[in-house]
Amino acid sequence: MTPFIRRIAAAGIAAMVASIGFAGFADADVNAIKYRQNHTKALGSHLGAISAVMKGEAGKPEHVAGHAAAVAGIGAIAGDLFPAGSGEGKTGALPSIWEKPGEFEKAWMALRDASAKFAEVAAGGDMKATGAAMGTVGKSCGGCHKNFRKKQ
Ligand code: HEC
């Protein structure tokens, strides 16, 4: 290769790498949003299932502990679901998440703590106490949605 051709080839490869890098970023944001939405949908699904059992509509009382453990398991990782850059696009996340990180941290830690307690109480099998602990979890969902999620 002549030096001239070599330079053109190098520029071409650099441009290709840059475009892959860029596409990679955009995909990462879209994937982070999808991942987050699957996570929050799962929270909603488990609470929906528990509520059906509590109302005696379906399932068995002994199912509640498993659902509650799942809520606690994924409730604990909620803080990892909002990487920088994942506030743009098809998302219900409000910019306040990244503008007020301290307040946002409190909101997801409320979910983490309430869901851990919920799982513990549900494992004990006392349905009344379980219902009360679930109420606290529900408040943590609403508390975050009020300030950090777009109105539906
Ligand atoms: C720390 C804040 C926070 C907490 C706590 C929280 N959410 Fe959310 N939730 C959000 C945000 C932000 C969105 C929008 C996500 C997006 O579209 O990127 C969302 C979206 C959702 C969605 C819609 C998902 C979809 O299909 O797009 C459901 C359902 C949901 N949350 C349920 C819950 C339930 C149930 C709880 C409590 C067990 C909960 N959330 C706790 C912040 C939170």
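Now for a look at the structure at hand. As a convention, each chain's residues are numbered from 1 in the sequence order in which they are written. Per-residue local features of the predicted model are confined to residues with pLDDT of at least 70, and side-chain atom pairs are confined, for both listing and counting, to 80 or more; whole-chain, interface and lining totals are unaffected and use all residues. Side-chain figures throughout are based on the complete set of non-hydrogen atoms in the structure, without hydrogens or water.

**Some words on the layout of surface pockets**
Vacant regions in the atomic arrangement are exposed by a probe of water-molecule size rolled over the atoms.
Then, in step 1: Residues are said to line a cavity or pocket when one of their atoms sits within 4 Å of a point; the points come from a 1 Å grid over protein atoms alone, cavities being sets where a 1.4 Å probe fits but cannot get out and pockets being open sets with protein on both sides within 12 Å along at least five of seven lines. Grid points are joined across faces, edges and corners, and a volume is the space filled by probe spheres set on the points. Approximately 590 Å³ is the volume found for the largest pocket.
Then, in step 2: Along the wall of the largest pocket there are 28 residues; nearest its centre are Arg36, Thr40, Phe82, His145 and Arg149.
Then, in step 3: Helix and strand labels come from DSSP, where a helix needs a run of H or I of at least four residues and a strand needs a run of E of at least two; each type is numbered from the N terminus. The biggest single contributor to the lining of the largest pocket is helix H1 (residues 3–54), with 8 residues.
Then, in step 4: Classifying every residue of the lining of the largest pocket gives 16 nonpolar, 9 polar and 3 charged. Gly falls in the polar group here, along with every residue not listed as nonpolar (Ala, Val, Leu, Ile, Met, Phe, Trp, Tyr, Cys, Pro) or charged (Asp, Glu, Lys, Arg).

**Topic: the site of the ligand**
Then, in step 1: Proximity is defined per residue: any heavy atom of the residue falling within 4 Å of a molecule or strand makes that residue near it. Around the ligand, a shell composed of 23 residues is seen, among which Thr91, Gly92, Cys141, Cys144 and His145 lie nearest.
Then, in step 2: Between the ligand and the protein, one listed contact pairs an oxygen atom with a side-chain N or O atom of Thr91 at 2.6 Å.
Then, in step 3: In protein, a polar contact means a hydrogen-donor-capable atom and an acceptor-capable atom, both N or O and within 3.5 Å, with residues adjacent in sequence counting only if both atoms are side-chain atoms; elsewhere, any N or O pair within 3.5 Å suffices. At 2.6 Å from an oxygen atom of the ligand is found a main-chain nitrogen or oxygen belonging to Gly92.
Then, in step 4: Taken together, the elements giving at least two residues each to the shell around the ligand come down to H1, helix H4 (101–124) and helix H5 (127–148).
Then, in step 5: Here the element with the most residues in the shell around the ligand is H1; it accounts for 7 residues.
Then, in step 6: Taken together, the residues of the shell around the ligand break down into 13 nonpolar, 7 polar and 3 charged.

**Brief notes about the nonpolar core**
Then, in step 1: Residue types Ala, Val, Leu, Ile, Met, Phe, Trp, Tyr and Cys, when buried and joined through side-chain atoms within 4.5 Å, form a set referred to as a nonpolar core. Each residue's exposure class comes from its accessible area (1.4 Å probe, protein chains only) as a fraction of the maximum for that residue type: buried when under 20%, exposed when over 50%, partly exposed otherwise. The biggest cluster of nonpolar side chains holds 25 residues, and the ones touching the most others in it are Leu47, Ile50, Ile97, Phe104, Phe118, Val137 and Phe148.
Then, in step 2: Elements with a minimum of two residues in this core: H1, helix H2 (64–75), H4 and H5.
Then, in step 3: The element contributing the most residues to this core is H4, with 8 residues.
Then, in step 4: For Leu47, the residues in contact, after removing those within four places along its chain, are Val71, Phe118, Met134, Val137 and Cys141. It only takes one pair of heavy atoms within 4.5 Å for two residues to be counted as in contact.

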